[in-house]
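Tertiary structure, described
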Amino acid sequence: MSEEAKSNEFDAVRIGLVSISDRASAGVYQDQGLPALREWLTRAVRNPVQWVERLIPDEQQGISAALRALVDDEGCDLVLTTGGTGPAPRDVTPEATLAVAHKEMPGFGEQMRQISLRFVPTAILSRQVAVIRGKALIINLPGQPKAIAETLEGLPSATPPAPGIFAAVPYCIDLIGGPYIETDAAVCKAFRPKSAIRPAKG
């Protein structure tokens, strides 16, 4: 579908992407977080998307400032971060995220850890959080591209299947007053109660 057709059929959505890494932001190695986030979301989201991206170091005040700017100044409806969620001294993304929160949404972090525990026992060391600020949802994701896709998409073929967290994102954004996000069911089927499903245009 062309971008023009998308803009006629679906609401526009602004998505902020934040990769948090001392070394990548300093140019020591190439950042993999932003491309991984953008690649998965481009496949999953059917709406026309305006991207607002940041690559920043592991500094708590700087992370909080970036998140506030993406929501308050840039008008992002959804902000996804990657990196800085472990137990190491420089891992401060959860603290920086909670500092800008109006509400905490603990279920997202709980499910991400459940998915990652299917692969590595050290998933219990991850501290991802999700919060609401104004009319925006902010979610911390893992740092590895493979884990980003797994937690967003889930493990539909596993026994038992594990739902990905993005299935709940569109309805959450509905509830806080954001745009109506539609997904490609082949990548991630968004779940809404029947009463919240918008009839197709045309």
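The notes below deal with the structure included here. (Residues numbered from 1 in each chain as written. Predicted model: local features only at pLDDT ≥ 70, side-chain atom pairs only at ≥ 80, totals over all residues. Heavy atoms only, no water.)

In terms of burial, strand β1 (residues 13–20) is largely enclosed, as seven of its eight residues are buried. In this structure, β1 lies alongside strand β2 (residues 49–56), joined through eight bridges in parallel fashion. Directly across from I15, in β2, lies its bridge partner W51. When β1 meets strand β3 (residues 78–82), the two strands line up parallel, connected through five bridges. Along β3, the bridge assignment pairs V18 with T81. (Buried < 20%, exposed > 50% of the residue type's maximum accessible area, 1.4 Å probe, protein only. Helix = DSSP H or I, 4+ residues; strand = E, 2+ residues; numbered from the N terminus. Pairing = 2+ DSSP bridges.)

In the structure shown here, the tally under the stated rule is one aromatic pair. Lying over the aromatic face of F119, K146 brings its terminal NZ or CZ to 4.4 Å of the ring centre. A cation over an aromatic ring shows up here: R192 above the ring of Y180, its NZ or CZ 3.7 Å from the ring centre. (Phe/Tyr/Trp six-rings, centres within 6.5 Å; stacked < 30°, edge-to-face > 60°. Lys NZ or Arg CZ within 6 Å of the ring centre and 35° of its normal.)

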